[in-house]
Amino acid sequence: MKVTVYSTPTCPYCKMTKDFLKENNIEFKDIDVSEDQEAAKKMVEKSEHMGVPQIEIDGTILVGFDKEALKKELGL
Amino acid sequence: MYDVIIIGAGPAGLTAAVYAARKKLSTLVISENIGGQAALSSDIENYLGFQFVTGADLVQKFEEHIKEFDIDLELGSNVKSITEIAGGFEVETKEDRYNGRVVVIASGKIPKRLNISGEKEFLGKGVTYCATCDAPLFSRKDVAVIGGGNSALDATLQSTKIANKIYLININPKLGGDEVVKEKIEAAENVTILNSTETLKIKGEVFVQQLKIKDIISGLETNLDVQGVFIEIGSIPSVNFVPSSIKRNEIGEIIVDARNRTNITGIFACGDVTEVLEKQIIIAAGEGSKAALGAYEYLARTKDGR
């Protein structure tokens, strides 16, 4: 399973998302879209959503920190 | 059954949790997020012990502090209701039910909506209520910040370093908020302040493209080309789940006495969700400690059943 978190350092929900993944021993790639403008652009194009966090799980994009949706998508 | 269930994990709720845990009360904190509004503040310069700290860093400190104690923390959970049961209360979330002898409501405030056309439709498509979170996505874009108080000033100031052009749209004749921040904004080259201006409509296709505004004095309506709209027009108490039997004031804030007791025995409230005079991090924290001590005193008194 490939998990990517698009985040900004100032966003509390991003931190909560990453903490949740860590607690559940899910490996993920963290992309700081405040630093990586190219990644930010791609993220928005793909999801048509201008907000963080966004979590990409094997091609499926979840917007915002929604614990239940994450659990379902991750099979937890 | 927990001794105390605290709803909310901002400065009030987390301080209440530390005080409750130090009194050896079994404690559960249920919250949608950690840090509440404090987590979204960019610069905090009036919390004693910190000459300067960001909201994110202060909340990180809070989190480290509460992890020193045996406190159960249920994050990402929205409370739906509080119901009285034998010996306490049942707190229901979307996923679970929890029982506690005492409930402390510390749910804080949530952003106020503008209630204009396009606001809902373009949420996450350029419209955001969390400039702190999302501003970096508007690099070199033109944005509008709606509001005239501290949170609007804060969002504007953060955006000056990121966005191309920023319109600060204020319905009142003058900006409110802190003088220090106001001076910084007035000095910024890429900010246009539009006072006495009403926001009418947000327009676009997939994403936001335009904002329709109206000069209240001349009645003139214009369209601004913007890709982002940051709505920062204040907040309302987060009380959707609060039973109607709990007394609130005319703006929805929970009424508490000097010991943070509500009119329902066994339910306490603290911080920005209450009618406490000033909404400040340090005040919310102090109120949280009072509520936990009030709860402890109440539990000690009613130990042999209620």
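About the cut-offs
- Residues numbered from 1 in each chain as written.
- Chains lettered and ligands numbered in written order.
- Predicted model: local features only at pLDDT ≥ 70, side-chain atom pairs only at ≥ 80, totals over all residues.
- Heavy atoms only, no water.
- Helix = DSSP H or I, 4+ residues; strand = E, 2+ residues; numbered from the N terminus.
- Rg over C-alpha atoms; globule rule 2.2 N^0.38 Å.
- Buried < 20%, exposed > 50% of the residue type's maximum accessible area, 1.4 Å probe, protein only.
- Areas by Shrake-Rupley, 256 points an atom, 1.4 Å probe, with all protein chains shown as cover.
- Lys, Arg positive; Asp, Glu negative; His and termini not counted.
- Charge placed at Lys NZ, Arg CZ, Asp CG, Glu CD.
- Pairing = 2+ DSSP bridges.
- Axes fitted to C-alpha atoms, helices over the stretch in contact; angles between N-to-C directions.
- Patch = residues over 30% accessible without salt bridge, like charges linked within 9 Å, V, L, I, M, F, W, Y side chains within 5 Å.
- Salt bridge = Lys/Arg side-chain N within 4 Å of Asp/Glu carboxyl O.
- Right-handed = clockwise from strand over helix to strand, strands pointing away.
- Contact = heavy atoms within 4.5 Å.
- Buried area = accessible area lost by both parts, 1.4 Å probe.
- Polar contact = N/O pair within 3.5 Å; in protein donor to acceptor, adjacent residues only side chain to side chain.
- Disulfide = S-S within 2.5 Å.
- pLDDT = per-residue confidence, 0-100.

Student: So what exactly am I meant to see when it comes to the overall build of chain A here?
Tutor: Looking only at helices and strands, chain A has 3 helices and 4 strands in total. Reading the secondary structure of chain A in the N-to-C direction produces β-α-β-α-β-β-α. Computed over C-alpha atoms, the radius of gyration of chain A comes to 11 Å, within 12% of the 11 Å expected from 2.2 N^0.38 for 76 residues, which places it in the range of a compact globule. Its C-alpha atoms put chain A at 30 × 25 × 20 Å along the principal axes. Expressed as a percentage of its 76 residues, the buried residues of chain A come to 47%. Taken as a whole, chain A presents about 4,000 Å² of accessible surface, with 46% of it coming from carbon and sulfur. Positive and negative charge centroids in chain A, built from 11 and 15 side chains respectively, lie 2 Å apart.

Student: What should I look at first to understand the sheet that holds strand E2 (residues 29-32) of chain A in this one?
Tutor: Strand pairs in the sheet, formed through backbone hydrogen bonds, run parallel or antiparallel to each other. All names here are of chain A. Taken together, 4 strands build an open sheet; the order of strands is E2-E1-E3-E4 and the sheet is mixed. The open sheet has two edge strands, E2 and strand E4 (60-63), and neither has a second partner. The sheet shows a mean angle of 20 degrees between the axes of neighbouring strands, taken without regard to direction. Of the strand pairs in this sheet, strand E3 (residues 54-57) and E4 are connected by 4 bridges, and their pairing is antiparallel.

Student: I'm lost on a negative patch on the surface in this one. Help?
Tutor: Residue and element names in this part refer to chain A. Residues Glu35, Asp36, Glu38 and Glu45 make up a contiguous surface patch of negative charge. By the secondary structure assignment, Glu35 is in the loop between E2 and helix H2 (37-47). Of the residues examined, Glu35 reaches a relative accessible area of 66% and is grouped as exposed.

Student: Which parts of the structure should I look at to understand the pairing of strand E11 (residues 191-194) of chain B?
Tutor: The side chains of a regular strand alternate between both faces of the sheet. Residue and element names in this part refer to chain B. Two strands pair when backbone bridges link them, and strand E10 (residues 165-169) and E11 are joined in this way by 4 bridges, in the parallel orientation. Paired with Ile166 across the two strands is Val191, which belongs to E11. Read as a crossover between parallel neighbours, the route from E10 over helix H5 (residues 179-187) to E11 is right-handed.

Student: When you look at the interface of chain A and chain B in this model, what are you seeing that I'm missing?
Tutor: Buried accessible area, meaning the area lost when the parts come together, often serves as the stated size of an interface. In this assembly, 22 residues from chain A lie in contact with 27 residues from chain B. Summed over both sides, the interface between chain A and chain B buries roughly 2,000 Å², with carbon and sulfur atoms accounting for 60% of that surface. One can count 2 salt bridges joining chain A with chain B. A salt bridge links Lys15 of chain A to Glu63 of chain B; the nearest nitrogen and oxygen atoms lie 2.9 Å apart. Here chain A and chain B share 10 residue pairs in polar contact (both at pLDDT 80 or more) between them.

Student: How should the pairing of strand E14 (residues 221-225) of chain B be read in this particular structure?
Tutor: Residue and element names in this part refer to chain B. Bridge count between strand E13 (residues 208-215) and E14: 5 bridges; the pairing is antiparallel. Bridge pairing in E14 links Lys214 to Glu221. Counting the residues in the hairpin turn of E13 and E14 gives 5 residues, including Gly219, whose phi is positive at 80 degrees.

Student: Would you explain the state of the cysteines in this entry?
Tutor: Working definition: the covalent bond between the sulfur atoms of two cysteines is a disulfide. Under the defined criterion, the tally for this structure stands at 2 disulfides over all chains. Residue pairing for Cys11 of chain A: its cysteine sulfur links by disulfide to Cys14 of chain A, the two sulfurs lying 2.3 Å apart. The sign of the 95 degrees torsion about the S-S bond sets the Cys11 of chain A-Cys14 of chain A disulfide as right-handed. Given the relative accessible area of 0%, Cys14 of chain A is considered buried. Cys130 of chain B shares a disulfide with Cys133 of chain B; S-S distance 2.2 Å.

Student: I'm lost on a nonpolar patch on the surface in this one. Help?
Tutor: A cluster of nonpolar side chains, namely Ile171, Ile216 and Ile217 of chain B, defines an oily patch on the protein surface of about 320 Å² accessible area. On the secondary structure map, Ile216 of chain B appears in the loop between E13 and E14.

Student: Mind showing me how you'd approach the confidence of the model for chain A here?
Tutor: On average, residues of chain A score 93 in pLDDT, and 100% of them are at 70 or above. Within chain A, the lowest mean pLDDT, 91, falls on helix H3 (residues 67-74) of chain A, and the highest, 97, falls on strand E1 (residues 3-7) of chain A.

Student: Could you clarify how one ought to interpret unusual backbone geometry in this entry?
Tutor: Note on backbone geometry: most residues besides glycine have negative phi, and most peptide bonds are trans. A cis amide bond links Val52 of chain A to the next residue, Pro53 of chain A, at an omega of -5 degrees. For Lys24 of chain B, which is not glycine, the phi dihedral falls at a positive 60 degrees. Along the chain, Lys24 of chain B falls in the loop between helix H1 (11-22) and strand E2 (27-31). Here the phi dihedral of Arg140 of chain B falls at roughly 60 degrees; this positive angle occurs in a residue that is not glycine. Structurally, the position occupied by Arg140 of chain B is in the loop between helix H3 (131-134) and strand E9 (142-146).

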